[in-house]
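Here is how the chains run, residue by residue.
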Amino acid sequence: MAHVIAVAGKGGVGKTTLCGMLIQYLCEKGKGPVLAVDADANSNLNEVLGVEVDTTLGDIREEIARSEMAKENPIPAGVSKADYAERRFEDAVVEDDDFDLLVMGRTQGKGCYCFVNGLLQSQLVKYQNSYPYFVVDNEAGMEHISRGVLPSMQTAILVSDCSRRGIQAVGRIAKLIEECDMRPQQVGLIVNRAPNGELNDGIKEEIQLQGLNLVGVVPQDQTVYEYDCEGRPTSKLPDDNPVKMALRDIVTKLGL
């Protein structure tokens, strides 16, 4: 079964950027093929990885829903809706050289994401024996953990910025993982965008109060900011970039 690496934390802390670099590093180390999973309804992992996405699970759900109401049904005669859906779900997997990307996406308009969450869950179960690694970029929050969307979780990476609120947020996620009895092999904290790559005493104190296992500190970096502003995939940063170097050390420490 795939080793599932789930990345979580509050919004805006750089989870997706670190996910992209983690996927790239695993591929460079010959650990692929990796299934990259964008489990955020507001998806942009593809931009970090530098790949185009034409179809998401949410798009397919909407397509099938519309087909039930349309005069001209796009489902071929003699093909069941379930079989047609399964074929279309395979189209949602974007293939690259060393990784594939599956994007959850969202439904249109109002309403919750329960249905697409269920679609994502079923697809992950289907693929869990086809890849050595899943890297899952979770939404900002705890829904995919609390709803049990992930089939399993061997490594949980909690990402925070240099704020007490960020550390407290991932502390709550760590407690939820324990409450949901997910039993990952390891749970590690990454503090991202640290000035000069250093933590002040207040943040160190909060990490201890939350009982978190700090596995690495990633420095604030101007080049990452520039890549993002220019729309360049941050997974393509130079190898000597301090963010990439810090992440490599973290991956080694986690034994991935």
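One structure accompanies this document, and this report is about it. (Residues numbered from 1 in each chain as written. Predicted model: local features only at pLDDT ≥ 70, side-chain atom pairs only at ≥ 80, totals over all residues. Heavy atoms only, no water.)

1. Concerning the packing of helix H7 (residues 164–179) against helix H8 (residues 201–210)
Part 1: Orientation of H7 relative to H8, taken along the N-to-C sense of each, is 15°, at an axis distance of 10 Å. When the interaxial angle is binned, H7 and H8 end up roughly parallel. For the element pair H7 and H8, the recorded crossing hand is right-handed. Here H7 contributes Arg164, Ile167, Gln168, Gly171 and Lys175 to the contact with H8, which in turn contributes Gly202, Ile203, Glu205, Glu206, Ile207 and Gln210.
Part 2: Looking at the contact of H7 with H8 residue by residue, the classes come out as three nonpolar, four polar and four charged. (Axes fitted to C-alpha atoms, helices over the stretch in contact; angles between N-to-C directions. Helix = DSSP H or I, 4+ residues; strand = E, 2+ residues; numbered from the N terminus. Parallel < 35°, antiparallel > 145°, perpendicular 65-115°, else oblique. Left-handed = near helix turned anticlockwise from the far one by under 90°. Contact = heavy atoms within 4.5 Å. Nonpolar A, V, L, I, M, F, W, Y, C, P; charged D, E, K, R; others polar.)

2. Here's the deal with a negative patch on the surface
Part 1: There is a patch of like negative charges on the surface, built from Glu28, Asp96, Asp97 and Asp98.
Part 2: You can see Asp96 is positioned in the loop between strand E3 (93–95) and strand E4 (99–103).
Part 3: The exposure class of Asp96 is partly exposed, given its relative accessible area of 35%. (Patch = residues over 30% accessible without salt bridge, like charges linked within 9 Å, V, L, I, M, F, W, Y side chains within 5 Å. Areas by Shrake-Rupley, 256 points an atom, 1.4 Å probe, with all protein chains shown as cover. Salt bridge = Lys/Arg side-chain N within 4 Å of Asp/Glu carboxyl O. Lys, Arg positive; Asp, Glu negative; His and termini not counted. Charge placed at Lys NZ, Arg CZ, Asp CG, Glu CD. Buried < 20%, exposed > 50% of the residue type's maximum accessible area, 1.4 Å probe, protein only.)

3. What about the layout of surface pockets?
Part 1: Each pocket or cavity is described by its volume, and for the largest pocket that value is around 650 Å³.
Part 2: Put simply, the parts of the chain that give the lining of the largest pocket at least two residues each are helix H1 (15–28), helix H2 (45–49), strand E5 (133–138), strand E7 (186–194), strand E8 (214–219) and helix H9 (222–230).
Part 3: For the lining of the largest pocket, a count of residues per class yields eleven nonpolar, twelve polar and eight charged.
Part 4: Here the second largest pocket defines a volume of roughly 180 Å³.
Part 5: Contributing to the lining of the second largest pocket are 14 residues, with Gln24, Asp96, Asp98, Phe99 and Lys236 lying nearest its centre.
Part 6: Here the residues of the lining of the second largest pocket sort into five nonpolar, four polar and five charged. (1 Å grid on protein atoms, 1.4 Å probe; cavity = no way out; pocket = protein on both sides within 12 Å on 5 of 7 lines; lining within 4 Å. Points joined across faces, edges and corners; volume = space filled by probe spheres on them.)

Shape is all these values report; function is a separate question.
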